[in-house]
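# Inside the fold
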Amino acid sequence: MLDGQSIHKKLVSSLLLILVGCAGLMGPDVNPGIALSDKGDYKGALSHYEGIIEAGTANAKVYRLAYESAFKAGKRITASNYYTEAISAGYDLDSLNSLATGLWYERALMTMGKDDWKEAKKAAAQISQLVPDSKQDKFLALILAGKKKFDRGAHKGLWDAVSDYSKAVNHDPKSGLPYYLMGQARYKNNRTDYDAALEDYYKSLEIEPTGYFADQAKKEIKKIEAVKKKMNAFWGK
């Protein structure tokens, strides 16, 4: 017969085995990584997930979270590797592609808004592969087509650029980017038509007051308003 101490030890041992088994069923603890991501510390989150991966206890969810953190941390080659690992580990492909689409689309909007068109083209190409003929794909294609015409600078080309940007609005009415770009094209095409350009710039900020283009839009508004005031004073208006 077991004494009280032996029974206690067996109960503790059994409880520990149960806890270990439950931990295995629940998977590794990803909560610290999620908390870091919520604070914007994507490198820290990635480090947490990579610790789990190095320990050999990663599951599909860990690879999915590592993919997102790596992408947002600017490590897109690393992100691509974890994307592949997440699929191999059995993560739902549709769900993963939906996440990837959102990440690449946001990157496209950011790089376009910051006038980094080289990176914007790369992001748009990823969207075209992930969701061809989608609203996102059509939006980005029209923006890029308009930008190409804008860069050429011909009078008709600038009007065509405005037309492309205007069509893009239909595919993402929540984005102020097309209006910002329309303002640029209108002013480049006719530097005396202040009101048309200003209307577009103000519209872009109305839709997205904190958009990636917002600071530049405010600078353009200030510049055009100053020129307009000066010319009105000159003509006595």
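From a predicted model like this one, the values you see are computed outputs, not experimental measurements.

Take the overall build of the protein chain next. Counting secondary structure elements, the protein chain contains twelve helices and zero strands. Seen in sequence order, the protein chain has helices and strands lined up from the N terminus as α-α-α-α-α-α-α-α-α-α-α-α. Scored against the burial criterion, the 237 residues of the protein chain give a buried share of 37%. Sequence-distant contacts, at least 24 apart, represent 53% of the contacts inside the protein chain between residues at least 6 apart. Within the structure as shown, the protein chain displays about 14100 Å² of accessible surface, and the carbon and sulfur contribution to it stands at 55%.

This part covers the side chain of Thr101. By the secondary structure assignment, Thr101 is in helix H6 (residues 93-113). A polar atom in the side chain of Thr101 sits 2.8 Å from the backbone oxygen of Asn97. Apart from the residues within four sequence positions on either side, Thr101 is in contact with Ile127, Leu130, Val131 and Gln136.

Turning to the packing of helix H7 (residues 117-130) against helix H8 (residues 135-152), a few remarks are in order. Here H7 crosses H8 at 150°, and the two axes come no closer than 9 Å. In this view, H7 runs roughly antiparallel relative to H8, as classed from their interaxial angle. Relative to H8, the crossing made by H7 is left-handed. Here Trp117, Lys121, Ala124, Ile127 and Ser128 of H7 lie close against H8, whose contacting residues are Gln136, Asp137, Leu140, Ile143, Leu144 and Lys147. Per-class residue counts for the contact of H7 with H8 are six nonpolar, two polar and three charged.

Another point: the side chain of Arg107. Here Arg107 is to be found in helix H6. Apart from residues no more than four positions distant in its own chain, Arg107 is found in contact with Phe71, Arg76, Glu119 and Ala123.

Each pair of packed helices can be summarised by the angle the axes make with each other and by the distance between the axes. At their nearest, the axes of helix H4 (residues 60-72) and helix H5 (residues 76-88) sit 8 Å apart, and the two run at 160° to each other. Judged by the inter-axis angle, H4 sits roughly antiparallel to H5. Judged by the sense of rotation from one axis to the other, the crossing of H4 with H5 is left-handed. Of H5, the residues touching H4 (which contributes Ala60, Tyr63, Arg64, Ala66, Tyr67, Ala70 and Phe71) are Arg76, Thr78, Ala79, Tyr82, Tyr83, Glu85 and Ala86. Grouping the constituent residues of the contact of H4 with H5 by class yields ten nonpolar, one polar and three charged.

Attention now goes to the packing of aromatic side chains. Both the distance between ring centres and the angle between the ring planes are used here to describe each pair of aromatic rings. The final tally for this structure, using the stated rule, is seven aromatic pairs. When the centroid spacing of 5.4 Å and the interplanar angle of 65° are considered together, the rings of Tyr67 and Tyr83 count as edge-to-face. Here Tyr83 lies in helix H5 and Tyr67 lies in helix H4, a separation of 16 residues in the sequence. Side by side, Tyr67 and Tyr83 carry an identical accessibility label, which is buried. The rings of Tyr67, Phe71, Tyr83 and Trp104 are connected pair by pair, giving a single aromatic cluster. Positioned over the ring face of Phe71 is Arg76, at 5.4 Å from the centre of the ring. The ring of Phe150 is capped by Lys188, whose NZ or CZ atom sits 4.2 Å from the centre of that ring.

Detailed conclusions should not be drawn from predicted coordinates in areas where pLDDT is low. In this model, the protein chain carries an average pLDDT of 90, and 88% of its residues clear a pLDDT of 70 or more. Every residue in residues 11-25 is under pLDDT 50, and counting partners more than four places away or in other chains gives zero contacts.

As enumerated under the stated definition, the model contains eleven salt bridges in all. Residue Arg64 is joined to Glu68 by a salt bridge in which the shortest nitrogen-to-oxygen separation is 2.5 Å. With Arg64 and Glu68 both in helix H4 and four residues apart, the pair spans about one turn of that helix. When sorted by exposure, Arg64 lands in the same class as Glu68, which is buried.

Definitions and limits used
Residues numbered from 1 in each chain as written. Predicted model: local features only at pLDDT ≥ 70, side-chain atom pairs only at ≥ 80, totals over all residues. Heavy atoms only, no water. Helix = DSSP H or I, 4+ residues; strand = E, 2+ residues; numbered from the N terminus. Buried < 20%, exposed > 50% of the residue type's maximum accessible area, 1.4 Å probe, protein only. Contact = heavy atoms within 4.5 Å. Areas by Shrake-Rupley, 256 points an atom, 1.4 Å probe, with all protein chains shown as cover. Polar contact = N/O pair within 3.5 Å; in protein donor to acceptor, adjacent residues only side chain to side chain. Axes fitted to C-alpha atoms, helices over the stretch in contact; angles between N-to-C directions. Parallel < 35°, antiparallel > 145°, perpendicular 65-115°, else oblique. Left-handed = near helix turned anticlockwise from the far one by under 90°. Nonpolar A, V, L, I, M, F, W, Y, C, P; charged D, E, K, R; others polar. Phe/Tyr/Trp six-rings, centres within 6.5 Å; stacked < 30°, edge-to-face > 60°. Lys NZ or Arg CZ within 6 Å of the ring centre and 35° of its normal. pLDDT = per-residue confidence, 0-100. Salt bridge = Lys/Arg side-chain N within 4 Å of Asp/Glu carboxyl O.

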